[in-house]
Amino acid sequence: MSDEMKKKPYVVPIGPIHPALKEPVQFLFEMEGEVVKKADFAPGQTHRGIEWMGMRRNPVQIVHLTDRICGICGVTHSLSFARAVEQIVDIEVPARADYIRVIIAELERIQSHLLWAGVAAHELGFDTLFYLAWRVREDSLDVIENITGNRINYGLVQIGGVRRDITPEQHPVIHKCLDGYRDLLGKMLNLFLHDTTISIRCKDTGKLSFEEALHLCTVGPTARASGVVKDVRVDYPYAAYGDLDITPILPSAYGGEINGDVYDRIVVRLLEIEQSIGIIETCLKEMPEGGIIWEPKLPKLLAACKKAHGEAIGRHEAPRGECTHYVAMDGNEAPAMWKVKASSYSNLHSWIPMLEGEQLADVPIIVASIDPCLSCTDRVAVVRGNSSDLLTKEDLHRLSVEKTRRIQGC
Amino acid sequence: MTLSSSFKRSLFVFHFNAGSCNGCDIEIVAAITPRYDPERFGVRLVGSPKHADVLLVTGPVTGKMAPRLRRVYDQMADPKVVMCIGTCGQSGGVFYDSYNLEGPIDQIIPVDVYVPGCAPRPEAIIHGVVTAITKLERLEGGEV
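Residues numbered from 1 in each chain as written. Chains lettered and ligands numbered in written order. Predicted model: local features only at pLDDT ≥ 70, side-chain atom pairs only at ≥ 80, totals over all residues.

Caption draft 1: Region of interest: the sheet that holds strand β7 (residues 321-330) of chain A. All names here are of chain A. Across the sheet, which stays open at both edges, the three strands sit in the order β6-β7-β8 with antiparallel pairing between neighbours. The strands lining the two open edges of the sheet, one partner per strand, are β6 (309-318) and β8 (337-341). Strand-to-strand twist across the sheet, computed as the mean angle between neighbouring axes with direction ignored, equals 10 degrees. Sheet analysis places β7 next to β8, joined by five bridges and oriented antiparallel. By the bridge assignment, Ala328 is partnered in β8 with Met337. (Pairing = 2+ DSSP bridges. Helix = DSSP H or I, 4+ residues; strand = E, 2+ residues; numbered from the N terminus. Axes fitted to C-alpha atoms, helices over the stretch in contact; angles between N-to-C directions.)

Here's what the structure looks like:
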């Protein structure tokens, strides 16, 4: 191949089918050698028209539809939607329900961050750690199942409160799980943050500067890892978060500087697990007595919703960042307008500055590092000149593992 | 149920997300992790449909994913078994009235095993895979 040909950029499409975890999304990378020069992506493969369906259903039906927007953030969307409707209808949520909402939201954060930690380890070729993270994640799912009756799609939040109470008999189960995590956390921090493999692959990889994080309106751990102090739980307290003492976690909390790289995103998420454990313990201790729902009779609740006029925004700090639901109601059974802005939507654009200038082997971990609710890699067709090769997700994974070995010199 | 000679070989499973909410997908991955550990029996997820014996399909099949689902199905070697994981792949579930659905899955490709639930538990998924093994055996024996 002539020198001219070698320099010519070639395009690598990735996706939209991913064999392992997440939703389909398509990437297009313009490559020069191993380096990503330009990155672009095309989401929308899983478009189901949920908002359109929602505008044909009543608010109580929509709550259960919101559970199915995302299987990982089961409580995020239902809580944001319920909060928007509660503001329009002027419903006062019982204090006990607020505490239960916080407990389940924080349990969800723990399971989601552990899920992510496993995926990140897998993308680096560290499968032992992937299995460890997913094994301990099962404990939080057991507690969630104990509280809500389901492992995924909890259906716990209802407009005006929650559908199930947390009884004193359930407290020991929850405490046992939290104590287990507390004991384990030191080990997890050690495994993730002091492991040479993870350090060399993640430090200075996929950097997002403070200015870029602000400019692209990133949210959640992605923003905090770049030093942006931003957390809806603190900035606009809702549910029981106003009663709690929370500070947004920055990577500097673990010592060291803020670089905004993949490593910092690991630090933020692992420390947030610790924070969530503390929040749940406080909530269990301080949970007031009383009712758990504003109106247990659904026809009465629906009648109140039907009379309401107005618009409101419900927001929640999901494991991935701020999630907002805009709802407008005009005296009909179904809302006049319902708009969902999920946290990954705000974060997806940060892929582009992160990916540009990086190597192809680093693409899986960088794409995973924002914890997208979309997928990354499956089938990659590399077109060099006129010939084309087909790279599967395994080939990419192999490239990633080989890079780790190369750096380690073994 | 007696474990048959199929268990001597490994059963390769390919997972296809056709617009699911991630709930079933997460449960599929949870099912391969140490608590359930079906890899003891050789059941494992693979990255290419060309290596797979079983196709796990989740989601109600959105417009964009339907042609891709057909392509993935065609790439699999015979004998093959298709499993439909989750309620929305069987009937549309909560998404039944969406304008962007080509599904249910059995309208697009033939389905052999249905695992209902929103989302089904990992135990249910593993049970479905075991049911698929029996079907594969019959296919191999030329009974179907």
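The structure having been displayed, the exposition proceeds.
Caption draft 2: Structural detail: the packing of helix α5 (residues 95-123) of chain A against helix α6 (residues 127-148) of chain A. Residue and element names in this part refer to chain A. Relative orientation of the contacting elements α5 and α6 amounts to 160 degrees, with a least axis distance of 8 Å. The orientation of α5 with respect to α6, classified from their angle, is roughly antiparallel. The interaxial crossing formed by α5 with α6 has left-handed handedness. Here the residues of the contact of α5 with α6 are counted per class, giving 16 nonpolar, five polar and two charged. (Parallel < 35°, antiparallel > 145°, perpendicular 65-115°, else oblique. Left-handed = near helix turned anticlockwise from the far one by under 90°. Nonpolar A, V, L, I, M, F, W, Y, C, P; charged D, E, K, R; others polar.)

Caption draft 3: Quick peek at the domain arrangement of chain A. Residue and element names in this part refer to chain A. When cut into domains, chain A gives domain 1 (3-46 + 352-408) and domain 2 (54-341). Secondary-structure elements contributing two or more residues to the side of domain 1 that touches domain 2 are α15 (351-355), α16 (363-369) and α17 (393-408). No other element matches α17, which puts six residues into the side of domain 1 that touches domain 2. Residues of the side of domain 1 that touches domain 2, tallied by class, amount to 11 nonpolar, five polar and three charged. (Domains from an automatic or database assignment.)

Caption draft 4: The interface of chain A and chain B, seen in detail. Residue-level contacts link 37 residues of chain A with 34 residues of chain B. It is α6 of chain A that provides the largest number of residues to the side of chain A that touches chain B, a total of four residues. Across the side of chain A that touches chain B, the residue classes tally to 17 nonpolar, 10 polar and 10 charged. (Contact = placed C-beta atoms within 7 Å.)

Caption draft 5: Quick look at the sheet that holds strand β1 (residues 12-17) of chain B. Residues and elements named next belong to chain B. Sheet architecture is open: five strands sit in the order β2-β1-β3-β4-β5, paired in parallel fashion. Where the open sheet ends on each side, the last strands, each with one partner, are β2 (44-45) and β5 (113-115). Note: β1 against strand β3 (residues 54-58), five bridges, orientation parallel. Across the sheet, the residue bridging to Phe14 is Leu55, located in β3.

Caption draft 6: Inspection of helix α7 (residues 171-193) of chain A at higher detail. All names here are of chain A. Over its 23 residues, α7 extends 32 Å from the first C-alpha to the last, a length consistent with the 33 Å expected when each residue adds 1.5 Å. Of all the bends found along α7, the most pronounced is centred on Leu184 and spans about 35 degrees. All of the buried residues in α7 are Ile174, Cys177, Leu178 and Phe192. Next to the buried residues of α7 lie α5, α6, α8 (196-202) and α12 (262-286). (Expected span 1.5 Å × (residues − 1). Bend = angle between axes of the 7 residues up to and from the residue. Buried ≥ 20, exposed ≤ 12 C-beta atoms within 10 Å, placed from the backbone.)

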